[in-house]
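Structural overview
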Amino acid sequence: MKITLLHLTDLHIMEQCDLAAKVGSICKIIVHDFRDTAKIFLVVSGDIALSGKEAEYLNAQKCLGVIKSLIERELTPLKVDLVLVPGNHDCNFTKDTQVRKISIENVSYRTLGQDNSILETGLSIQNEFWTFYSKFNPLPENKMYYQIIQEIEGVKICFHCFNTAWMSQVTEKPGTLFYPVKRFEGLDEEYQFDINISVYH
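Our subject in this report is the structure included herewith. (Residues numbered from 1 in each chain as written. Predicted model: local features only at pLDDT ≥ 70, side-chain atom pairs only at ≥ 80, totals over all residues. Heavy atoms only, no water.)

If you trace the three strands from one edge of the open sheet to the other, you get β1-β2-β3, paired in parallel fashion. Looking at which strands have only one partner, the edges of the open sheet turn out to be β1 (3-8) and β3 (80-85). Neighbour-to-neighbour, the strand axes of the sheet open up by a mean angle of 20°, direction not taken into account. Inspection of the sheet shows β1 paired to strand β2 (residues 39-45) by six bridges, in the parallel sense. Directly across from T4, in β2, lies its bridge partner I40. Sitting on the sheet, helix α2 (residues 54-74) is in contact with β2 and β3, with an inclination near 155° to β3. (Pairing = 2+ DSSP bridges. Helix = DSSP H or I, 4+ residues; strand = E, 2+ residues; numbered from the N terminus. Axes fitted to C-alpha atoms, helices over the stretch in contact; angles between N-to-C directions. Contact = heavy atoms within 4.5 Å.)

Pasting the structure below:
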């Protein structure tokens, strides 16, 4: 079994950005070098947009959609699956609120509590990203951590997707990122895969 991972990151796509030339180059490489692959995964590990705005994602949707369709057209019946996670540039900080700023200022397991209210507040500035995400994949139930699972020729592959940008700020403070790993303990016991790939920004 041979699979292909096309990994892109930090695209920072703007509303008026013309990516036609770059899209063509990417597709030529894939089509030329990977005709004998069983599956292609297009993995974009964050900062798809420049500032998390809807217009930027409309351009990004067009760009990634063209890559996907061109490869599938040339390598029929091969399908391209997208694996997407948000980065700090995928947050629309024009929609940040004082409540969110205070909520993430000193976040810890103690302040996080047992519900998801702090996490949901942190995620609130990523709405445009998730609308974009839904154009390619079903929305995950948990936007902090989600899995994309495929079985290819009897081999189970799992992309473990981590949303490390959930508490991003306009001015990032080094050493302050908090990710609630305890919320996801035991998943390695619940799920068994042949190949595990972690994706985060």
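A few words now on the state of the cysteines. When the sulfur atoms of two cysteines share a covalent bond, that bond is a disulfide. Across all of its chains, the model carries zero disulfides by this definition. Among the cysteines around C161, which has no disulfide bond, C158 carries the closest sulfur, lying 7.7 Å off. (Disulfide = S-S within 2.5 Å.)

Examined against the element boundaries, N59 turns out to sit in helix α2. Take N59: its relative accessible area is 14%, and that puts it in the buried class. Apart from residues no more than four positions distant in its own chain, N59 is found in contact with I13, M14, E15, Q16 and C17. (Buried < 20%, exposed > 50% of the residue type's maximum accessible area, 1.4 Å probe, protein only.)

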